[in-house]
Amino acid sequence: VITFCRDALRSIAAPCSAHAVHLSRRMDGQLSAGERVGLWVHMRGCSACRAFARQLEKLRVLARSEAASHPRPQTMPPDVRERLAAAVTHTAPDQGPLQ
Ligand SMILES: [Zn+2]
C-alpha cells in the first residue's frame, strides 16, 4: 500500500514541498500536536495544501480498497498461516524450497 501511495502521490497536485511531508505524515497519524497545529494554521491560508490534503483523503480511501482486494499475509486465516509456518519449520534443508 505504501508503494501504491507513493506512485499515486507522484501524479497528484504538489502542495508546498515543506508541508507535503507533514500532510502525508498527518494521514498516517504520525504528527505531534504542535506539528498538527502548525499545519492547520498553514492550511487556512494555503489553498495548494488544502487541495493536497483533500487528494490525500481520496487516496487513502483508494489505498484502503486496494489493500482489501489484495489481502496481505497478515490477513491470512489463522489455520492457513499455521500450516504455512509448520511447512517452513519442518522442511529439511536438503529438501528446502526452490534453490
Ligand atoms: Zn502550503
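Everything discussed here concerns the structure shown above.
Quick summary incoming for the structure in this document. Every value quoted in this text rests on a predicted model; they were computed, and no experiment measured them.

1. Structural notes on the coordination of the zinc ion
Next up, step 1: Those protein atoms acting as donors to the zinc ion are C16 (SG), H42 (NE2), C46 (SG) and C49 (SG), and they sit at 1.9 to 2.3 Å.
Next up, step 2: Around the zinc ion sit four donor atoms, and with donor-metal-donor angles ranging over 102 to 115° the site reads as tetrahedral.
Next up, step 3: All donors of the zinc ion come from a single chain, and their spacing in sequence reads C-x25-H-x3-C-x2-C.

2. Considerations on helix α2 (residues 17–27)
Next up, step 1: Looking at α2, one finds that the buried residues are A20, L23 and M27. For α2, the angular spread of the buried residues around the axis is 70°, confining them to a single face.
Next up, step 2: In the core, the buried residues of α2 are packed alongside α3 (33–44) and α4 (47–69).
Next up, step 3: Looking at the residues trailing α2, positive phi occurs at G29, about 70°.

3. As for the pattern of salt bridges
Next up, step 1: This model, assessed by the stated rule, comprises two salt bridges.
Next up, step 2: Notably, a salt bridge pairs R25 with E35, separated by 3.5 Å at the nearest N-O pair. In this pair, R25 sits in helix α2 while E35 sits in helix α3, placing the two residues ten residues apart along the sequence.
Next up, step 3: The exposure class assigned to E35 is partly exposed, which follows from its relative accessible area of 25%.
Next up, step 4: Here E57 and R60 are joined by a salt bridge, their closest N and O atoms 2.7 Å apart.

4. Some details on α4
Next up, step 1: Compared with an ideal rise of 1.5 Å per residue, which puts 23 residues at 33 Å, α4 spans 33 Å between its outermost C-alpha atoms and is within 8% of the ideal.
Next up, step 2: Buried within α4 are the following residues: C49, F52, A53, L56, L59 and A63.

5. Looking at the nonpolar core
Next up, step 1: In this structure, A20, L23, M27, L31, L39, M43, C46, C49, F52, A53, L56 and L59 together form the largest nonpolar core, which totals twelve residues.
Next up, step 2: Going through the elements one at a time, α2, α3 and α4 are the ones with two or more residues in this core.
Next up, step 3: Ranked by the residues each element gives to this core, the list is headed by α4, at five residues.

6. Structural notes on the packing of α3 against α4
Next up, step 1: At a minimum axis distance of 7 Å, the contact between α3 and α4 shows a crossing angle of 115°. Of α4, the residues touching α3 (which contributes H42, M43 and R44) are C49, R50 and A53.
Next up, step 2: For the contact of α3 with α4, the residue count by class is three nonpolar, one polar and two charged.

7. Observations regarding the packing of α2 against α3
Next up, step 1: Following both chains from N to C, one finds α2 and α3 inclined at 120°, their axes separated by 11 Å at the closest point. The orientation of α2 with respect to α3, classified from their angle, is oblique. For the element pair α2 and α3, the recorded crossing hand is left-handed. On α3, the residues touching H19, H22, L23, R25 and R26 of α2 are E35, L39, H42 and M43.
Next up, step 2: Of the residues in the contact of α2 with α3, the class split is three nonpolar, three polar and three charged.

Cut-offs applied
Residues numbered from 1 in each chain as written. Predicted model: local features only at pLDDT ≥ 70, side-chain atom pairs only at ≥ 80, totals over all residues. Heavy atoms only, no water. Donors = N, O, S within 2.8 Å, 3.2 Å for Na, K, Ca; no water. Tetrahedral: all angles 85-135°; square planar, octahedral: opposite > 155°, others 65-115°. Buried < 20%, exposed > 50% of the residue type's maximum accessible area, 1.4 Å probe, protein only. Helix = DSSP H or I, 4+ residues; strand = E, 2+ residues; numbered from the N terminus. Arc of directions from axis to C-beta. Contact = heavy atoms within 4.5 Å. Salt bridge = Lys/Arg side-chain N within 4 Å of Asp/Glu carboxyl O. Expected span 1.5 Å × (residues − 1). Core = buried A, V, L, I, M, F, W, Y, C linked by side-chain atoms within 4.5 Å. Axes fitted to C-alpha atoms, helices over the stretch in contact; angles between N-to-C directions. Nonpolar A, V, L, I, M, F, W, Y, C, P; charged D, E, K, R; others polar. Parallel < 35°, antiparallel > 145°, perpendicular 65-115°, else oblique. Left-handed = near helix turned anticlockwise from the far one by under 90°.

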